[in-house]
Amino acid sequence: MKNCFLFLAILFITTSCDYILKPSSVNTVDEKLPEMAIEDEKDKNGCVADAGFKWSRINQNCIKLIEEGYRLNPTDNLTNLEAAKSAFVIFDASNLNAEVFLPNVSDAILLNRNSINDDFTNKELKFSLKKDYTFSVKDSILFQAAKTANKAVISTDAEEQ
């Protein structure tokens, strides 16, 4: 019982001294700080770019590329920092139109194809599903989807028996 009383007394003294010894400005909000308006900047379509949203003409909505798009990585040797940024592509429900979002480009590029077996094109721009999901300009591949490694799963159950 004495230990409990002693513990409570020490706790009370340390917390009350802490309150008394602190300067009063620490316990109140500093009134000299300017008022900061916390507003998300929106683009012309109402998408909050700082939160990762971009306007999609295919979806007619703000989308989060990292969640809805397919990532395309740059194909150069990444010697400069700008090259390290990825592009993203999304498709419409019919799979006849694609929208490519390039780094540092405000508007997406619309590409289309005539049939399911064709590449998506728009003048000199091409997105090919046949060539490992590549985006090229004038037949020079700039972005490509990451290659996945498919390894055979070997079961160890047979070895244990």
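For the structure itself, look to the data block above.
Quick look at the structure, then. (Residues numbered from 1 in each chain as written. Predicted model: local features only at pLDDT ≥ 70, side-chain atom pairs only at ≥ 80, totals over all residues. Heavy atoms only, no water.)

**Things to note about the overall build of the protein**
Selection criterion: Per the convention used, a helix needs a DSSP run of H or I reaching at least four residues, while a strand needs a run of E reaching at least two, with both numbered from the N terminus. Each residue's exposure class comes from its accessible area (1.4 Å probe, protein chains only) as a fraction of the maximum for that residue type: buried when under 20%, exposed when over 50%, partly exposed otherwise. Contacts: residue pairs with any heavy atoms within 4.5 Å of one another. Each accessible area value is a Shrake-Rupley result obtained with a 1.4 Å probe; residue values ignore everything except the protein chains displayed when judging cover.
Per the secondary structure count, the protein includes four helices and ten strands. Scored against the burial criterion, the 161 residues of the protein give a buried share of 24%. In the protein, once contacts between residues fewer than 6 apart in sequence are set aside, the share between residues at least 24 apart is 27%. A total of about 12,900 Å² of accessible surface is found on the protein, and carbon and sulfur atoms cover 55% of it.

**Observations regarding the nonpolar core**
Put simply, the rule is: As used in this record, nonpolar core signifies buried Ala, Val, Leu, Ile, Met, Phe, Trp, Tyr and Cys residues forming a set joined through side-chain atoms within 4.5 Å.
Core analysis: the biggest nonpolar cluster contains 15 residues, and Leu72, Val89, Leu102, Leu111, Phe127 and Phe135 have the highest contact counts within it. Where this core is concerned, the elements lending two or more residues are β4 (87-91), β5 (97-101), β6 (109-112) and β8 (125-128). A total of three residues in this core trace back to one element, the largest contributor, which is β4. Not counting residues within four places of it along the chain, the set of residues in contact with Val89 comprises Gly69, Tyr70, Leu72, Ala98, Glu99, Val100 and Phe127.

**Some points on the packing of aromatic side chains**
Defined as follows: In this analysis, rings of Phe, Tyr and Trp, with Trp reduced to its six-membered ring, are considered paired at centre separations within 6.5 Å, and the interplanar angle assigns stacked below 30 degrees, edge-to-face beyond 60, and tilted for intermediate values.
Scanning all chains against the criterion turns up five aromatic pairs. With a centroid separation of 5.5 Å and 40° between ring planes, the pair formed by Phe91 and Phe120 is classed as tilted. A residue pair is termed long-range when its members are at least 10 positions apart, and Phe91 in strand β4 and Phe120 in strand β7 (residues 120-122) qualify at 29 residues. For the residue pair Phe91 and Phe120, the accessibility class agrees, reading buried in each case. Assessed through its relative accessible area of 1%, Phe120 is described here as buried.

**Concerning the pairing of β8**
Let me state the cut-off plainly: We call two strands paired when DSSP finds no fewer than two bridges between them.
The two faces of β8 match: Leu125 and Phe127 on one face and Lys126 and Ser128 on the other face are all buried. Pairing geometry for β7 and β8, over three bridges, is antiparallel. Among the inter-strand pairings, Thr121 is bridged to a residue of β8, identified as Lys126. As consecutive antiparallel partners, β7 and β8 are separated by two residues, and within that stretch Lys123 has a phi angle of approximately 55°, a positive value. Bridge count between β8 and strand β9 (residues 134-137): four bridges; the pairing is antiparallel. If you follow Ser128 over to β9, its bridge partner there is Thr134.

**Observations concerning the side chain of Asp92**
Where we set the bar: Two N or O atoms count as a polar contact when they lie within 3.5 Å, although within protein this holds only if one can serve as hydrogen donor and the other as acceptor, and sequence-adjacent residues are included solely when both atoms are side-chain atoms.
Mapped onto the fold, Asp92 is located in the loop between β4 and β5. Within the structure, Asp92 has its side chain in polar contact with the side chain of Ser94 (distance 3.0 Å). A polar contact is formed between the side chain of Asp92 and the backbone nitrogen of Asn95, at a distance of 2.9 Å. Setting aside chain neighbours within four positions, we find Asp92 in contact with Ile58 and Asn97.

**A word on the state of the cysteines**
Let me state the cut-off plainly: Here, the term disulfide refers to a pair of cysteine sulfur atoms separated by no more than 2.5 Å.
This model, assessed by the stated rule, comprises one disulfide. Each disulfide pairs two cysteine sulfurs, and for Cys47 the partner residue is Cys62, the sulfurs being separated by 2.0 Å. Between Cys47 and Cys62 the sulfur-sulfur dihedral comes to about -90°; the bridge is accordingly left-handed. Remark: Cys62 occurs in strand β2 (residues 61-64) and Cys47 occurs in the loop between α2 (24-27) and β1 (53-56); sequence separation between them is 15 residues.

**Observations concerning unusual backbone geometry**
At Gln60, a position not held by glycine, the phi torsion is positive, near 55°. Note on placement: Gln60 falls in the loop between β1 and β2. Even without being glycine, Tyr133 reaches a positive phi, approximately 55°. Note that Tyr133 resides in the loop between β8 and β9. Judged by its relative accessible area of 38%, Tyr133 is partly exposed.

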